[in-house]
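Breakdown of the fold
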Amino acid sequence: MRSFTDLGDRLVGRWNTQGSHPLLPGEDITGQATFEWLDGHTFLIWRSHYDHPQIPDAISVIGSIDDQLLMHYFDHRGVHRVYEVAFDSDQWRYWRNDPGFQQSFTAEFGGAGDTMTGQGRMNRDDAGWEDDLSLIYQRRAPG
């Protein structure tokens, strides 16, 4: 079984992002993301910035808490969410099953680890799952 350190080491670095959102048809969503270890390699810090004003910049902290891999997400709107995290050699994903607003994101690794292609999904008020933010991450520089 792969360790959380394996995932973190794979993500560490600076990435360019490009994507789309179904509520913003035809609009290109570009930005940057950075992943870096907090001293001690216990927590991974993920910062995301988007050039589109309707996609919030955010910071997330990923780590094992009480033997469960979790991600705490915060954005400039004051939103805080907690997601479960899982990964294997080909992908990493995070999700939350909160009543009234479920979310998931799955990213597959490609290009010798220099690319991630991800798709978000959401389910509001049990109305059914629908596509959310879709992103391609392209590594700019290693950690």
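Structure shown above.
Since the structure is predicted, the reported quantities are computational estimates derived from the model, not experimental observations.

**Comments concerning the pattern of salt bridges**
This structure, assessed with the given rule, holds five salt bridges. For R47, the salt bridge is made with E36, and the minimal N-O distance between the two is 2.4 Å. In this pair, R47 sits in strand 3 (residues 43–50) while E36 sits in strand 2 (residues 29–37), placing the two residues 11 residues apart along the sequence. Taking relative accessible area as the criterion, R47 reaches 37% and is therefore assigned partly exposed. Residue E36 is classed as partly exposed on the basis of its relative accessible area, which comes to 35%.

**Overview of the pairing of strand 5 (residues 68–75)**
Pairing between strand 4 (residues 58–65) and strand 5: eight bridges, direction antiparallel. The residue of strand 5 that forms the bridge with I65 is Q68. Hairpin connection of strand 4 to strand 5: two residues between the antiparallel strands, including D66 at a positive phi of 50 degrees. Hairpin connection, strand 5 to strand 6 (residues 80–87): the antiparallel pair is bridged by four residues, and G78 has positive phi, about 90 degrees.

**Observations regarding the pairing of strand 4**
Pairing geometry for strand 3 and strand 4, over six bridges, is antiparallel. Of the residues in strand 4, the one forming a bridge with I45 is V61.

Rules used throughout
Residue numbers run consecutively from 1 along every chain, following the written order of its sequence. In keeping with the model being predicted, local features are shown solely for residues with a pLDDT of at least 70 and side-chain atom pairs are shown and tallied solely at 80 or more, while totals for entire chains, interfaces and linings include all residues. No hydrogens and no water enter the side-chain calculation; it runs on all heavy atoms of the structure. In what follows, salt bridge is the name for a side-chain nitrogen of Lys or Arg lying within 4 Å of a carboxyl oxygen of Asp or Glu. Counting from the N terminus, the helices are DSSP H or I runs at least four residues long and the strands are E runs at least two residues long. Three labels apply to residues, based on accessible area from a 1.4 Å probe with only protein chains included: buried if under 20% of the type maximum, exposed if over 50%, partly exposed otherwise in between. When DSSP finds two or more bridges between a pair of strands, those strands are recorded as paired.

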